[in-house]
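Tertiary structure, described
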Amino acid sequence: MLSAEVPLSHLGPSVLLLLQLLLPPTSAFFPNIWSLLAAPGSITHQDLTEEAALNVTLQLFLEQPPPNQPPLRLEDYLGRTLLADDLFAAYFGPGFPSRRFRAALGEVSRANAAQDFLPTSRNDPDLHFDAERLSQGRTRLMGALQETLVAARVLDHTLARQRLGAALHALQDFYSHSNWVELGEQQPHPHLLWPRQELWSLAEVGNPTCSNCEELSCPGNLLGFTLLTSGYFGTHPPKPPGKCSHGGHFDQSSSQPPRGGINKDSTSPGFSPHHMLHLQAAKLALLASIQAFSLLRSRLGDSGFSRMLDITPASSLSFVLDTTGSMGEEINAAKIQARHIMEQRQGSPMEPVHYILVPFHDPEFGPVFTTSDPHSFWQRLNEIHALGGGDEPEMCLSALELALLHTPPLSDIFVFTDASPKDAFLTNRVESLSQERRCRVTFLVTEDPSRVQGRAQREVLSPVRFEPYEAVALASGGEVIFTKDQHIRDVAAIVGESMAALVTLPLEPPVIVPGKPLVFIVDGLLQKVTVRMHGEISSFWIKNPAGIFQSQEEGMGPLGHTHRFGQFWMVTMTDPPQTGTWEIQVTAEGTPRVRVQAQTSLDFLFHFGIPMEDGPHPGLYPLTQPVAGLQIQLLVEVTGLGSRGNPGDSPPHFSHVILRRVPEGTKLGQVPLEPLGPPERGLLTASLPPTLLSTPGPFSLELIGQDGGGQGLHRIAPQPCTVAPVLLELSGPPGFLAPGSKALLTLRITSFSVPQDLDIRISVNPSFAFTSNLSRAHLGLNESAWGCLWLEVPDSAVLDSMVMVTVTALGREVSLLPPTHAFLRLLVLAQTPQDQLSASSGPVVTTTTPVFRSSTLVTQGRARGGKAGRPWWGTVGGVLLLLTLASW
């Protein structure tokens, strides 16, 4: 149970900061910054969530001084807007990126807002403290916090962030939807987060609470009483006589006496009858959110809390290893690199905080081993030896899928193998999953014709048998590197290089054209520029902006140092590289691969969305990938805006985005970027018309701009994006799964481009029994198909374990259209999860998880009227990985 004895002194410094940070209001309990068009000056669920997280992160930094940096001082941040980039620069040092942390906060914020849009949560009064369901709301709030703790302790941080977002949404709604503020309270409810204490003085069914109000603004409609109440919304449940409504244009209950309402979601009287109390409600909601984050920190410990929110500039170390008899050299290379990384980075900001290992051969793969302890990882890795098997192909993609499910987003995964995949049917699903997780997959393949005696072949091997690896690498932004045994240890050094804060520089043209040089731009914010090439290369040269050449000779040259390991070349440029336009000319047989990477803190995150202007939640309804036939808004979040090429320069800025078809590099279009909100937040937006992305398939995003000195800037998204042919929504129960229960999941598929004839395939791992009433869908233009899935949780289900539900919509006709995948994470807990919360937690967590199979998600939800919330992808009892427009 969540203990009532958690010391409130743990919250002190953050509360002091809060009062300063609220002086100039930021942007509302409404969805996102887009909502300010309808309700200027409001404060969003996203703002509350991210502001609270930044406050507690600053508190953690203040209490745990950095080992090699001056300690942070509270007075330096009073009265300032907290920014993740500033906190990271002050704590870890200049140049350490906050991109992973900001992405984790985005997951929590989007899960928060999704509560207002998902079918299983948007109309549930218990999840929003509506309809005087205050005790029930507190029970659901504590359940979501417990699920957060359980998921974090077993290192499923994606699920932990999703459940945390759901909990924070309910907590923040309490202060906007109840009359706590109207009762004159100046602090958060003292018992809302402490379940051993009862909620006192609750209004009962027979207590009238509101008088009639015929105006938009209703400052005096609450009756003179001291009981705690909340407003009714819509028709479920129906509003009893004399009770308050939520209020606003879209609340049907507010048209029934007593009319009006009491919500404080925004500054607009048309949406919020108690709009005049919006800032007071936001202040208490922020204080309560800080309490919730601090409570989790006290339960998880500083290390566990930091892992949950990715409060680190470091990436994870994730290996997928073929363990068949011919893999001795490759396994040793992986061990050497892992040992080197652990020794080199121990105690530094770049020390990995997650370690993932998945072995495979045939017919087995897994289990996945995850840990936060480098010594446990090394011990497990050192136990792996090349034994048995030895034939081809192997279960590589199954193992990779398992690694993707357990590797944190924005990570690199390295696959060591010398065999083609036996499970090539998983290619599309693994491609989609890698893009949803935004993980880059690099295959190190030691295919050597001289080794055929060491590895038997069960079948005649196709010359294109490695194409599934190429497809996954292309979709994830990774690469396939072919080498030989004698070079694998040297080539494997890219593992350590890739775990740095690298960006890939765009090449023009993106693929090699015989006789035409590849062009890339180096700006003053880049360092440690590296050119990697592999293939049957006979010669190459690199030219800098001053016209200085360097050819393929090994060793130190005029531009940098060249290494060659068989068919793999790596040129490391001398720092600082000259700014301007560089060229590479390659002469080779076949199709060589060229990649230019560099270290920088200036990067970007991005999302897609649809403007929602005619409903209860005006704002941008986000997606993680666009859908054919829809008008799309691109939202860009630039990280590292504090970077300067020279002291005194103005901040860098981006002016437009270029979209290119992948892999050909054909330019689809160029769209201007417009600033959105305060410039220090680095938010930009661009409108993408349906004609620009009319055909399903992959494309790249390139941001073009200038640094403070007027030099050109060019950044590309780490992974391509994919236009999905249909929308696919998969929703689960608004909580955990209990052994012996049956859970209802809902499914909806919509086509906005062309008629579709689809097969629907469903799988559950572990293999729980299920039934479904939707196996095929024929959709016309703008038509939807609905279905239900009943999941039976056996009595023997393992507690504190994850269940993965995967849905695939696949065209029945032979078509170039890619399949659409959806998956949902669900957590198995005991029936009363609050009673199982331990007050202590260890600093290190190690888990071995059985195999799961999954896929990516395209999903959508319908807005819940009259409430605040940000419509981003998130979870209800799981992970919904892509939200899209609800109703047409």
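In this report, we go over the structure that sits alongside the text. (Residues numbered from 1 in each chain as written. Predicted model: local features only at pLDDT ≥ 70, side-chain atom pairs only at ≥ 80, totals over all residues. Heavy atoms only, no water.)

When you go through the protein residue by residue, the secondary structure sums to 14 helices and 35 strands. Counting across all 888 residues of the protein, residues that qualify as buried make up 63%. Summed over its atoms, the accessible surface of the protein is roughly 30,800 Å², and 54% of this surface lies on carbon and sulfur atoms. (Helix = DSSP H or I, 4+ residues; strand = E, 2+ residues; numbered from the N terminus. Buried < 20%, exposed > 50% of the residue type's maximum accessible area, 1.4 Å probe, protein only. Areas by Shrake-Rupley, 256 points an atom, 1.4 Å probe, with all protein chains shown as cover.)

So, on to the packing of helix 10 (residues 396-406) against helix 11 (residues 427-437). At their nearest, the axes of helix 10 and helix 11 sit 10 Å apart, and the two run at 20 degrees to each other. Accordingly, the angle class assigned to the pair helix 10 and helix 11 is roughly parallel. Between helix 10 and helix 11 lies a crossing of left-handed hand. Contact with helix 10, carried on its side by L397, L400, E401, L404 and L405, involves T427, R429, V430, L433, S434 and R437 of helix 11 and no other residues of that element. Here the residues of the contact of helix 10 with helix 11 sort into six nonpolar, two polar and three charged. (Axes fitted to C-alpha atoms, helices over the stretch in contact; angles between N-to-C directions. Parallel < 35°, antiparallel > 145°, perpendicular 65-115°, else oblique. Left-handed = near helix turned anticlockwise from the far one by under 90°. Contact = heavy atoms within 4.5 Å. Nonpolar A, V, L, I, M, F, W, Y, C, P; charged D, E, K, R; others polar.)

Another point: the pairing of strand 29 (residues 756-765). Along any regular strand, the residues point their side chains to alternate faces of the sheet. Of all ten residues in strand 29, seven are buried, a share of seventy percent or more. Taken together, the four bridges between strand 29 and strand 31 (residues 776-779) define a ladder with antiparallel strand orientation. When the bridges of strand 31 are listed, L758 appears paired with A777. (Pairing = 2+ DSSP bridges.)

Turning our eyes to something else, we now look at the packing of helix 2 (residues 45-63) against helix 3 (residues 84-92). Between helix 2 and helix 3, the least distance of the axes is 11 Å, while the angle of their chain directions is 10 degrees. Classified by the interaxial angle, the pair formed by helix 2 and helix 3 is roughly parallel. Between helix 2 and helix 3, the residues in contact are L54, T57, L58 and F61 and A84, L87, Y91 and F92, respectively. Split into classes, the residues belonging to the contact of helix 2 with helix 3 amount to seven nonpolar, one polar and no charged.

One can find Y232 in the loop between helix 6 (157-177) and helix 7 (278-308). A C-alpha to C-alpha distance of 7.6 Å links Y232 and K243, two positions eleven residues apart in sequence. Non-local contacts of Y232, meaning those with residues more than four positions away in its chain, are made with A131, E132, P237, P238, K239, P240, K243, C244, S245, H246, D251 and S253.

Let's shift gears to the sheet that holds strand 28 (residues 742-751). Two modes of strand pairing occur in sheets, parallel and antiparallel, and in both the strands are linked by backbone hydrogen bonds. Pairing is antiparallel across the open sheet formed by four strands, whose spatial order is 27-28-32-30. On the outer flanks of this sheet lie strand 27 (727-731) and strand 30 (770-772), each paired with one strand and no other. Averaged over all pairs of adjacent strands, the angle between their axes in this sheet comes to 15 degrees, without regard to strand direction. Note: strand 28 against strand 32 (residues 783-792), ten bridges, orientation antiparallel. Each residue of the ladder has a partner; that of L745, found in strand 32, is L789.

Our focus in this paragraph is the side chain of H128. Here H128 is to be found in the loop between helix 4 (99-114) and helix 5 (134-153). Under the relative-accessibility criterion, H128 is labelled buried at 0%. A distance of 2.8 Å separates a polar atom in the side chain of H128 from the backbone oxygen of S121. (Polar contact = N/O pair within 3.5 Å; in protein donor to acceptor, adjacent residues only side chain to side chain.)

Below, the discussion takes up the state of the cysteines. Within the structure shown, the criterion is met by two disulfides. A sulfur-sulfur distance of 1.9 Å marks the disulfide that ties C210 to C244. Between C210 and C244, the S-S dihedral sits near 95 degrees, and the bridge is therefore right-handed. Taken as a pair, C210 in the loop between helix 6 and helix 7 and C244 in the loop between helix 6 and helix 7 lie far apart in primary sequence, 34 residues in all. Both residues of the pair, C210 and C244, count as buried. Disulfide pairing places C213 opposite C218 at an S-S distance of 2.1 Å. When the S-S torsion is -90 degrees, as for the bridge of C213 with C218, the disulfide is left-handed. Assessed through its relative accessible area of 10%, C213 is described here as buried. The connectivity of the disulfide-linked cysteines in the protein, indexed sequentially, is 1-4, 2-3. (Disulfide = S-S within 2.5 Å.)

With that out of the way, let us pick up the pairing of strand 27. With five of its five residues buried, strand 27 lies for the most part within the structure. Here strand 27 shows no split at all, with L727, E729 and S731 on one side and L728 and L730 on the other all buried. As paired elements, strand 27 and strand 28 share five bridges and run antiparallel to each other. Across the sheet, S731 pairs through a bridge with T746, a residue of strand 28.

Another aspect to go through is the sheet that holds strand 31. In spatial order, the strands read 31-29-33-34; together these four strands make up an open sheet with antiparallel pairing. The strands lining the two open edges of the sheet, one partner per strand, are strand 31 and strand 34 (820-828). Neighbouring strand axes in the sheet, compared pairwise and without regard to direction, differ in orientation by 20 degrees on average.

Summed over the entire model, instances satisfying the criterion amount to 25 aromatic pairs. Between the aromatic rings of F293 and F305, the centroid separation amounts to 6.4 Å while the plane-to-plane angle is 85 degrees, which identifies the pairing as edge-to-face. No difference in accessibility class separates F293 from F305, as the two residues are buried. In this structure an aromatic cluster arises from ring pairing among F61, F88, Y91, F92 and F101. The residue whose ring lies beneath R438 is F606, and the NZ or CZ to ring-centre distance is 4.1 Å. (Phe/Tyr/Trp six-rings, centres within 6.5 Å; stacked < 30°, edge-to-face > 60°. Lys NZ or Arg CZ within 6 Å of the ring centre and 35° of its normal.)

Turning next to the side chain of E637. With respect to the helices and strands, the residue E637 is situated in strand 19 (residues 632-639). Polar contacts involving the side chain of E637 include one to the side chain of R102, which spans 2.9 Å. When residues no more than four places from it in sequence are discounted, the contact partners of E637 are R102, D603, F604, L605, R681, G682 and L683.

The next subject is the layout of surface pockets. Looking at the second largest pocket, its volume works out to about 940 Å³. Lining of the second largest pocket is provided by 34 residues; of these, L474, P510, V511, R595 and P663 occupy positions nearest its centre. At six residues, strand 16 (residues 580-599) tops the list of elements feeding residues into the lining of the second largest pocket. Per-class residue counts for the lining of the second largest pocket are 19 nonpolar, eight polar and seven charged. (1 Å grid on protein atoms, 1.4 Å probe; cavity = no way out; pocket = protein on both sides within 12 Å on 5 of 7 lines; lining within 4 Å. Points joined across faces, edges and corners; volume = space filled by probe spheres on them.)

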